[in-house]
Amino acid sequence: MSSWLKRAALAAAAVTLVGAVGLEASMAQGDPIAQRKALMKSNGDAMKAIKAVVDAKGPTAPVVPEAAKIASNLKSAAAHFPAGSDTGDTKASPDIWKNLDEFKKLDESSTAAAMKLEASAKKGDAAVVAADFGELGKSCGACHQKYRLK
Ligand code: HEC
């Protein structure tokens, strides 16, 4: 590797590290509303990346890390809805805390849909990936419809 390339690679690694530390820091600050919005925004970005692959009908490999990211985001999402976090700069419906079990179930089934998409993306059949992407999208919508205010 030329020294220029080495420096470029080091710089890129440093940026990634700073990004990760920044996210950790905002998590540590304990603002659950900001945390869950950041997780959800990451879901939205990942869905956009997956949609581009689906529209192009593959290859499906780039979907694998995006679906894995969504699954991981959703797994930790429920922890960022503590009681009382329905006031402030949030669109979370107060109904979440009336039906917390159902909310968590919707979160789990959306997580499962993301894991299913991750698995089909690994196998590489673009038609199956498109179908699983559709199911995942529906699972996001199922929760938003009930528990995210307009
Ligand atoms: C179990 C419920 C649930 C599931 C499942 C869910 N969401 Fe959300 N989502 C919410 C709630 C509640 C909010 C509002 C959070 C707030 O404003 O505090 C939200 C907000 C968002 C936002 C707006 C974030 C912002 O910047 O304000 C995006 C984008 C989003 N979700 C994308 C997704 C995607 C994509 C999926 C599926 C892969 C998904 N969500 C799955 C409940 C869910």
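Residues numbered from 1 in each chain as written. Predicted model: local features only at pLDDT ≥ 70, side-chain atom pairs only at ≥ 80, totals over all residues. Heavy atoms only, no water.

Participant: Looking at this model, I keep getting lost on the site of the ligand. Mind explaining?
Facilitator: With respect to spatial proximity, 22 residues lie near the ligand, and among them Met 40, Thr 90, Cys 140, Cys 143 and His 144 are the closest. Take Thr 90: an N or O atom from its side chain is 2.5 Å from an oxygen atom of the ligand. The contact in question runs from an oxygen atom of the ligand to an N or O atom on the backbone of Lys 91, over 2.8 Å. Broken down by secondary-structure element, the contributors of at least two residues to the shell around the ligand are helix H2 (32–55), helix H3 (63–77), helix H4 (100–123) and helix H5 (126–147). Counting residues per element, the shell around the ligand draws most heavily on H2, at six residues. Tallied by class, the residues present in the shell around the ligand amount to 12 nonpolar, five polar and five charged. (Near = heavy atom within 4 Å. Polar contact = N/O pair within 3.5 Å; in protein donor to acceptor, adjacent residues only side chain to side chain. Helix = DSSP H or I, 4+ residues; strand = E, 2+ residues; numbered from the N terminus. Nonpolar A, V, L, I, M, F, W, Y, C, P; charged D, E, K, R; others polar.)

Participant: Looking at this structure, I do not really get the packing of aromatic side chains. What am I missing?
Facilitator: Each aromatic ring pair is specified by the distance between its two centres and by the angle formed by the two planes. For the coordinates displayed, the defined rule picks out three aromatic pairs. Judged by centre distance (4.9 Å) and plane angle (70 degrees), the ring pair of Phe 81 and Phe 103 falls under edge-to-face. Taken together, the residues span a long stretch of sequence, with Phe 81 in the loop between H3 and H4 and Phe 103 in helix H4 at a distance of 22 residues. The exposure class of Phe 81 is buried, given its relative accessible area of 11%. With relative accessibility at 6%, the residue Phe 103 sits in the buried group. (Phe/Tyr/Trp six-rings, centres within 6.5 Å; stacked < 30°, edge-to-face > 60°. Buried < 20%, exposed > 50% of the residue type's maximum accessible area, 1.4 Å probe, protein only.)

Participant: Just checking my understanding: could you explain the confidence of the model for the protein for this structure?
Facilitator: Caution applies to low-pLDDT parts of the model: their predicted coordinates are not meant to be read in detail. Per-residue pLDDT for the protein averages 88, and the proportion of residues at 70 or more is 81%. Throughout residues 24–28 the model reports pLDDT below 50, and contacts reaching past four residues in sequence, or to other chains, amount to four contacts. (pLDDT = per-residue confidence, 0-100. Contact = heavy atoms within 4.5 Å.)

Participant: Got a minute to help me understand the environment of Gly 58 in this structure?
Facilitator: Looking at the secondary structure, you find Gly 58 in the loop between H2 and H3. With 71 residues separating them in the primary sequence, Gly 58 and Val 129 have C-alpha atoms 8.7 Å apart. Apart from the residues within four sequence positions on either side, Gly 58 is in contact with Val 53 and Ala 126.

Participant: I tried to follow the coordination of the iron atom of the ligand on my own but got confused; where do I start?
Facilitator: With distances of 2.0 to 2.4 Å, the protein atoms coordinating the iron atom of the ligand are Met 40 (SD) and His 144 (NE2). Note that the iron atom of the ligand binds six donor atoms; their angles at the metal cover 85 to 179 degrees, and the shape is octahedral. Taken as a pair, Met 40 in helix H2 and His 144 in helix H5 lie far apart in primary sequence, 104 residues in all. His 144 gets classed as partly exposed once you look at its relative accessible area, which sits at 29%. (Donors = N, O, S within 2.8 Å, 3.2 Å for Na, K, Ca; no water. Tetrahedral: all angles 85-135°; square planar, octahedral: opposite > 155°, others 65-115°.)

Participant: Help me understand the pattern of salt bridges, please; the structure alone is not making it clear to me.
Facilitator: Where side chains of opposite charge bring their charged atoms close, a pairing between them can arise. Tallied over the entire structure, the rule returns nine salt bridges. Residues Asp 45 and Lys 41 are paired through a salt bridge, measuring 3.3 Å at the closest nitrogen-oxygen approach. Placement of the pair is Asp 45 and Lys 41 together in helix H2, with a separation of four residues, close to one helical turn. Here Lys 41 falls in the exposed class, since its relative accessible area comes to 53%. We note a salt bridge from Asp 55 to Lys 51, for which the minimum N-O separation is 2.7 Å. Of this pair, Asp 55 and Lys 51 both sit in helix H2, four residues apart, which is roughly one turn of the helix. (Salt bridge = Lys/Arg side-chain N within 4 Å of Asp/Glu carboxyl O.)

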